[in-house]
Amino acid sequence: MRKLDKVEKKEIIEQWNLIAEKRFYQIKKGEDDSFSNVLVPNMLSLLSSKKYEKLLDLGCGNGIFTNNLISYSNEIIGIDLSEKNIKIARENIQSNNNTQFVVADAETFNTAVKYDCIISNMVLMDVMNIERIIYNISKSLAKTGEFIFSITHPCYWPIYWNYYKEDWFDYNKELIIENNFRIGNTSIEQKTIHFHRPLELYFNILQKNSLNIEVMKELKGKNFNLPRFLLIKCRKGKSYD
(Lines give C-alpha, C1' and ligand atoms only; values in the text may rest on other atoms or scores of the structure.)
Protein backbone atom coordinates (compact mmCIF):
# COMPACT_ATOMS: atom_id res chain seq x y z
CA MET A 1 0.00 0.00 0.00
CA ARG A 2 1.20 3.50 -0.74
CA LYS A 3 0.07 7.09 -1.15
CA LEU A 4 0.58 8.56 -4.61
CA ASP A 5 1.28 12.21 -5.34
CA LYS A 6 -0.49 12.08 -8.69
CA VAL A 7 -2.10 9.66 -11.10
CA GLU A 8 -3.12 9.68 -14.75
CA LYS A 9 -6.62 8.59 -15.76
CA LYS A 10 -5.16 6.10 -18.22
CA GLU A 11 -3.46 4.31 -15.32
CA ILE A 12 -6.78 3.87 -13.53
CA ILE A 13 -8.45 2.60 -16.71
CA GLU A 14 -5.67 0.08 -17.31
CA GLN A 15 -5.91 -1.22 -13.73
CA TRP A 16 -9.63 -1.92 -14.14
CA ASN A 17 -9.05 -3.50 -17.55
CA LEU A 18 -6.55 -5.88 -15.96
CA ILE A 19 -8.85 -6.83 -13.09
CA ALA A 20 -12.08 -7.00 -15.14
CA GLU A 21 -12.24 -10.72 -15.88
CA LYS A 22 -11.23 -11.83 -12.38
CA ARG A 23 -13.74 -9.42 -10.89
CA PHE A 24 -16.54 -10.76 -13.11
CA TYR A 25 -15.95 -14.35 -11.99
CA GLN A 26 -15.61 -13.33 -8.33
CA ILE A 27 -19.13 -11.96 -8.40
CA LYS A 28 -20.58 -14.72 -10.59
CA LYS A 29 -19.26 -17.36 -8.15
CA GLY A 30 -20.72 -15.51 -5.14
CA GLU A 31 -17.29 -14.80 -3.64
CA ASP A 32 -18.05 -11.12 -2.94
CA ASP A 33 -20.49 -11.25 -0.04
CA SER A 34 -20.60 -7.46 0.31
CA PHE A 35 -21.64 -7.01 -3.31
CA SER A 36 -24.30 -9.73 -3.34
CA ASN A 37 -25.75 -9.50 0.17
CA VAL A 38 -25.10 -5.93 1.30
CA LEU A 39 -24.73 -3.44 -1.55
CA VAL A 40 -27.13 -4.82 -4.17
CA PRO A 41 -30.19 -5.39 -1.91
CA ASN A 42 -29.73 -2.10 -0.07
CA MET A 43 -29.36 -0.08 -3.26
CA LEU A 44 -32.35 -1.73 -4.88
CA SER A 45 -34.42 -0.96 -1.78
CA LEU A 46 -34.02 2.76 -2.50
CA LEU A 47 -35.34 2.60 -6.04
CA SER A 48 -38.83 3.90 -6.71
CA SER A 49 -41.73 1.45 -6.94
CA LYS A 50 -42.80 3.35 -10.04
CA LYS A 51 -40.92 2.30 -13.18
CA TYR A 52 -38.41 4.84 -14.45
CA GLU A 53 -38.53 5.92 -18.07
CA LYS A 54 -34.75 6.24 -18.40
CA LEU A 55 -32.03 5.13 -15.94
CA LEU A 56 -28.24 5.54 -16.05
CA ASP A 57 -25.85 3.12 -14.32
CA LEU A 58 -22.74 5.29 -13.98
CA GLY A 59 -19.60 3.18 -13.66
CA CYS A 60 -21.44 -0.02 -14.55
CA GLY A 61 -18.32 -2.19 -14.60
CA ASN A 62 -19.04 -5.73 -15.81
CA GLY A 63 -22.80 -5.12 -15.91
CA ILE A 64 -23.82 -7.62 -13.21
CA PHE A 65 -25.26 -4.88 -11.02
CA THR A 66 -26.92 -3.30 -14.10
CA ASN A 67 -28.66 -6.59 -14.74
CA ASN A 68 -30.49 -6.19 -11.42
CA LEU A 69 -32.00 -2.94 -12.69
CA ILE A 70 -33.75 -4.30 -15.78
CA SER A 71 -37.23 -4.47 -14.24
CA TYR A 72 -36.98 -0.96 -12.80
CA SER A 73 -36.74 1.05 -16.02
CA ASN A 74 -37.92 1.06 -19.63
CA GLU A 75 -34.46 2.08 -20.83
CA ILE A 76 -31.09 1.58 -19.12
CA ILE A 77 -27.69 2.90 -20.16
CA GLY A 78 -24.57 1.50 -18.49
CA ILE A 79 -21.38 3.52 -18.94
CA ASP A 80 -17.83 2.72 -17.85
CA LEU A 81 -14.31 3.83 -18.73
CA SER A 82 -13.00 0.26 -18.87
CA GLU A 83 -13.27 -1.15 -22.39
CA LYS A 84 -12.69 -4.65 -21.00
CA ASN A 85 -15.57 -4.34 -18.54
CA ILE A 86 -17.95 -3.09 -21.22
CA LYS A 87 -16.93 -5.98 -23.49
CA ILE A 88 -17.69 -8.46 -20.66
CA ALA A 89 -21.03 -6.76 -19.99
CA ARG A 90 -22.09 -6.90 -23.63
CA GLU A 91 -21.15 -10.59 -23.89
CA ASN A 92 -22.67 -11.84 -20.66
CA ILE A 93 -25.60 -9.70 -19.54
CA GLN A 94 -29.11 -10.54 -20.72
CA SER A 95 -30.68 -7.14 -21.23
CA ASN A 96 -34.11 -7.93 -22.72
CA ASN A 97 -33.30 -5.25 -25.32
CA ASN A 98 -33.83 -2.38 -22.86
CA THR A 99 -30.18 -2.04 -21.85
CA GLN A 100 -27.08 -0.87 -23.65
CA PHE A 101 -23.48 -0.66 -22.47
CA VAL A 102 -21.22 2.17 -23.61
CA VAL A 103 -17.57 3.05 -23.05
CA ALA A 104 -17.85 6.61 -21.74
CA ASP A 105 -16.23 9.00 -19.29
CA ALA A 106 -18.46 10.27 -16.48
CA GLU A 107 -16.57 13.58 -16.63
CA THR A 108 -17.50 14.22 -20.27
CA PHE A 109 -20.64 12.21 -21.11
CA ASN A 110 -23.59 13.84 -22.85
CA THR A 111 -25.58 15.78 -20.26
CA ALA A 112 -28.28 16.74 -22.78
CA VAL A 113 -29.91 13.34 -22.21
CA LYS A 114 -32.11 13.46 -19.10
CA TYR A 115 -32.54 10.52 -16.71
CA ASP A 116 -35.19 9.92 -14.07
CA CYS A 117 -32.60 8.08 -12.01
CA ILE A 118 -28.81 7.84 -11.97
CA ILE A 119 -27.32 5.07 -9.88
CA SER A 120 -23.65 4.49 -9.12
CA ASN A 121 -22.40 1.50 -7.14
CA MET A 122 -18.94 1.82 -5.56
CA VAL A 123 -17.59 4.27 -8.12
CA LEU A 124 -17.22 7.82 -6.78
CA MET A 125 -14.24 7.00 -4.53
CA ASP A 126 -12.41 5.75 -7.66
CA VAL A 127 -12.85 8.83 -9.86
CA MET A 128 -10.37 11.65 -10.27
CA ASN A 129 -12.56 14.74 -10.70
CA ILE A 130 -15.43 14.27 -8.24
CA GLU A 131 -16.68 17.85 -8.64
CA ARG A 132 -17.03 17.57 -12.41
CA ILE A 133 -18.78 14.22 -12.18
CA ILE A 134 -21.34 15.38 -9.60
CA TYR A 135 -21.94 18.47 -11.75
CA ASN A 136 -22.63 16.22 -14.76
CA ILE A 137 -24.92 13.98 -12.72
CA SER A 138 -27.03 16.91 -11.59
CA LYS A 139 -27.05 18.32 -15.10
CA SER A 140 -28.24 14.98 -16.50
CA LEU A 141 -31.08 14.42 -14.05
CA ALA A 142 -34.62 15.28 -15.00
CA LYS A 143 -36.53 17.60 -12.69
CA THR A 144 -36.84 15.93 -9.25
CA GLY A 145 -34.73 13.02 -10.58
CA GLU A 146 -33.02 10.63 -8.17
CA PHE A 147 -29.31 9.98 -7.63
CA ILE A 148 -28.45 6.85 -5.64
CA PHE A 149 -24.85 5.92 -4.90
CA SER A 150 -22.64 3.84 -2.65
CA ILE A 151 -19.02 4.47 -1.69
CA THR A 152 -16.52 3.09 0.77
CA HIS A 153 -17.17 4.83 4.08
CA PRO A 154 -14.65 7.70 4.35
CA CYS A 155 -14.56 7.50 8.14
CA TYR A 156 -14.00 3.76 8.49
CA TRP A 157 -12.38 2.53 5.27
CA PRO A 158 -8.96 3.77 6.48
CA ILE A 159 -9.42 1.46 9.49
CA TYR A 160 -10.53 -1.46 7.32
CA TRP A 161 -7.46 -1.08 5.11
CA ASN A 162 -5.34 -0.15 8.13
CA TYR A 163 -3.77 3.00 6.74
CA TYR A 164 -5.23 5.35 9.35
CA LYS A 165 -1.99 4.95 11.35
CA GLU A 166 0.29 5.90 8.46
CA ASP A 167 2.26 9.12 8.84
CA TRP A 168 0.94 10.35 5.50
CA PHE A 169 -2.74 9.88 6.34
CA ASP A 170 -4.79 13.00 7.00
CA TYR A 171 -8.54 12.44 7.14
CA ASN A 172 -9.29 16.02 6.08
CA LYS A 173 -7.31 15.82 2.84
CA GLU A 174 -8.01 14.24 -0.53
CA LEU A 175 -5.48 11.42 -0.90
CA ILE A 176 -4.62 9.02 -3.73
CA ILE A 177 -4.07 5.52 -2.35
CA GLU A 178 -2.92 2.41 -4.19
CA ASN A 179 -3.23 -1.15 -2.89
CA ASN A 180 -4.00 -4.68 -4.07
CA PHE A 181 -7.71 -5.14 -4.77
CA ARG A 182 -9.35 -7.03 -1.91
CA ILE A 183 -12.72 -8.51 -0.96
CA GLY A 184 -12.99 -9.76 2.61
CA ASN A 185 -9.74 -11.60 3.33
CA THR A 186 -9.10 -12.39 -0.35
CA SER A 187 -6.62 -10.23 -2.24
CA ILE A 188 -6.01 -10.10 -5.99
CA GLU A 189 -2.43 -9.41 -7.05
CA GLN A 190 -3.49 -6.37 -9.02
CA LYS A 191 -3.13 -2.81 -7.85
CA THR A 192 -6.13 -0.48 -7.83
CA ILE A 193 -6.38 3.18 -6.91
CA HIS A 194 -8.99 4.88 -4.79
CA PHE A 195 -9.33 8.42 -3.49
CA HIS A 196 -9.85 9.14 0.18
CA ARG A 197 -12.06 12.17 0.61
CA PRO A 198 -13.57 13.50 3.86
CA LEU A 199 -17.30 13.09 4.29
CA GLU A 200 -17.94 16.83 4.30
CA LEU A 201 -16.44 17.11 0.82
CA TYR A 202 -19.08 14.74 -0.58
CA PHE A 203 -21.87 16.54 1.27
CA ASN A 204 -20.73 19.99 0.15
CA ILE A 205 -20.48 18.99 -3.52
CA LEU A 206 -23.94 17.42 -3.45
CA GLN A 207 -25.41 20.54 -1.86
CA LYS A 208 -23.62 22.81 -4.34
CA ASN A 209 -25.24 20.89 -7.19
CA SER A 210 -28.80 20.93 -5.80
CA LEU A 211 -28.76 17.24 -4.89
CA ASN A 212 -30.69 17.00 -1.64
CA ILE A 213 -30.06 13.96 0.55
CA GLU A 214 -33.23 12.00 1.36
CA VAL A 215 -31.75 8.77 2.74
CA MET A 216 -28.38 7.83 4.16
CA LYS A 217 -27.41 4.33 5.31
CA GLU A 218 -24.19 3.09 6.89
CA LEU A 219 -23.63 -0.54 5.94
CA LYS A 220 -21.34 -2.90 7.82
CA GLY A 221 -20.89 -5.99 5.72
CA LYS A 222 -19.76 -9.40 6.93
CA ASN A 223 -17.18 -9.74 9.73
CA PHE A 224 -16.75 -6.01 10.30
CA ASN A 225 -18.06 -4.22 13.38
CA LEU A 226 -17.86 -0.70 11.98
CA PRO A 227 -19.65 0.63 8.89
CA ARG A 228 -17.74 -0.26 5.75
CA PHE A 229 -19.95 1.39 3.11
CA LEU A 230 -22.04 4.54 2.82
CA LEU A 231 -25.26 4.53 0.79
CA ILE A 232 -27.00 7.80 -0.12
CA LYS A 233 -30.14 8.70 -2.04
CA CYS A 234 -30.49 12.26 -3.32
CA ARG A 235 -33.21 14.08 -5.20
CA LYS A 236 -32.56 16.97 -7.53
CA GLY A 237 -33.97 20.20 -6.19
CA LYS A 238 -34.51 23.42 -8.08
CA SER A 239 -33.59 23.57 -11.75
CA TYR A 240 -29.81 23.45 -12.16
CA ASP A 241 -29.84 26.24 -14.70
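First, a word on scope: everything that follows refers to the structure included in this document. (Residues numbered from 1 in each chain as written. Predicted model: local features only at pLDDT ≥ 70, side-chain atom pairs only at ≥ 80, totals over all residues. Heavy atoms only, no water.)

Re unusual backbone geometry
Apart from glycine, the bulk of residues carry a negative phi angle, and the bulk of peptide bonds sit in the trans form. Heads up, the rule is: In DSSP terms, a helix is any run of H or I states spanning at least four residues, a strand is any run of E spanning at least two, and both are numbered starting from the N terminus. Between buried and exposed lies partly exposed: a residue is buried under 20% and exposed over 50% of the maximum accessible area for its type, with that area taken using a 1.4 Å probe on protein chains only.
Here the phi dihedral of M122 falls at roughly 55 degrees; this positive angle occurs in a residue that is not glycine. One non-glycine residue with positive phi stands out, namely T144, at about 60 degrees. With respect to the helices, strands and loops of the structure, T144 is situated in strand β6 (residues 141-152). We classify T144 as partly exposed; its relative accessible area is 43%.

Structural notes on the side chain of D80
Rules: We treat Lys and Arg as the positive residues and Asp and Glu as the negative residues; His and chain ends play no part in the count. When a carboxyl oxygen of Asp or Glu lies within 4 Å of a side-chain nitrogen of Lys or Arg, that pair is called a salt bridge. What qualifies as a polar contact is a pair of N or O atoms within 3.5 Å, subject to a donor-acceptor requirement within protein and to the restriction that residues adjacent in sequence count only when both atoms come from side chains. Contacts are residue-level and defined by heavy atoms, with any inter-residue pair within 4.5 Å sufficient.
Assignment of secondary structure puts D80 in strand β3 (residues 73-80). One buried charged side chain, D80, makes no salt bridge at all; its nearest oppositely charged neighbour is R23, positioned 10 Å away. A polar side-chain atom of D80 sits 2.8 Å from the main-chain amide nitrogen of S82. If we ignore the near neighbours within four places in the chain, the residues touching D80 are G59, C60, G61, N85, I86, V102, V103 and A104.

Side note on the sheet that holds β3
The condition that has to hold: By the convention used here, strands pair only if DSSP detects at least 2 bridges between them. Axis definition: a line fitted to C-alpha atoms, limited for helices to the stretch in contact. Angles are taken between N-to-C directions and run from 0 to 180 degrees.
Taken together, the seven strands give an open sheet; going across it, the order is β4-β3-β2-β5-β6-β10-β9, and neighbouring strands pair in mixed fashion. Pairing within the sheet leaves two strands with one partner each, and these edge strands are β4 (99-103) and β9 (211-219). For this sheet, the mean inter-axis angle between neighbouring strands, taken without regard to orientation, is 15 degrees. Pairing of strand β2 (residues 52-58) with strand β5 (residues 115-121) involves three bridges; the strand directions are parallel. Bridging across to β5, L55 finds its partner in C117. In this fold helix α5 (residues 130-140) packs onto β2, β5, β6, β9 and β10 (229-236), with an angle of close to 145 degrees to the strand it touches most, β6.

With respect to the pattern of salt bridges
A complete count under the given rule lists twelve salt bridges for this structure. Of the charged contacts in the structure, one is a salt bridge between K54 and E75, with a shortest N-O distance of 2.8 Å. In this pair, K54 is assigned in strand β2 and E75 in strand β3, connecting sequence segments 21 residues apart. Under the relative-accessibility criterion, K54 is labelled buried at 19%. For K233, the salt bridge identified is with E146, shortest N-O distance 3.7 Å.

Quick notes on the environment of N129
Counting through the fold element by element, N129 comes out in the loop between β5 and α5. A relative accessible area of 33% places N129 in the partly exposed class. Along the backbone, N129 and T111 are 18 residues apart, and their C-alpha atoms lie at a distance of 16 Å.

A few points about helix α4 (residues 83-92)
Here is the rule we go by: By definition, the arc is the one covered by directions from the helix axis to the C-beta atoms.
Of the residues making up α4, those classed as buried are N85, I86, I88 and A89. For α4, the arc enclosing every buried residue in end-on projection is 160 degrees, short of the 170-degree limit, so these residues lie on one face. For α4, the exposed residues set more than 90 degrees away from the buried face come down to R90 and E91. Next to the buried residues of α4 lie α1 (9-28), β3 and β4.

A look at the state of the cysteines
Covalent bonding between the sulfur atoms of two cysteines is what defines a disulfide. What counts is decided by this rule: Disulfides are defined in this document as cysteine sulfur pairs within 2.5 Å.
Summed over the entire model, instances satisfying the criterion amount to zero disulfides. Left unpaired, C60 is separated from the closest cysteine sulfur, that of C117, by 14 Å. Residue classification places C60 among the buried positions, given a relative accessible area of 5%. Here C117 is not disulfide-linked; the sulfur of C234 is the nearest cysteine sulfur, at 11 Å.

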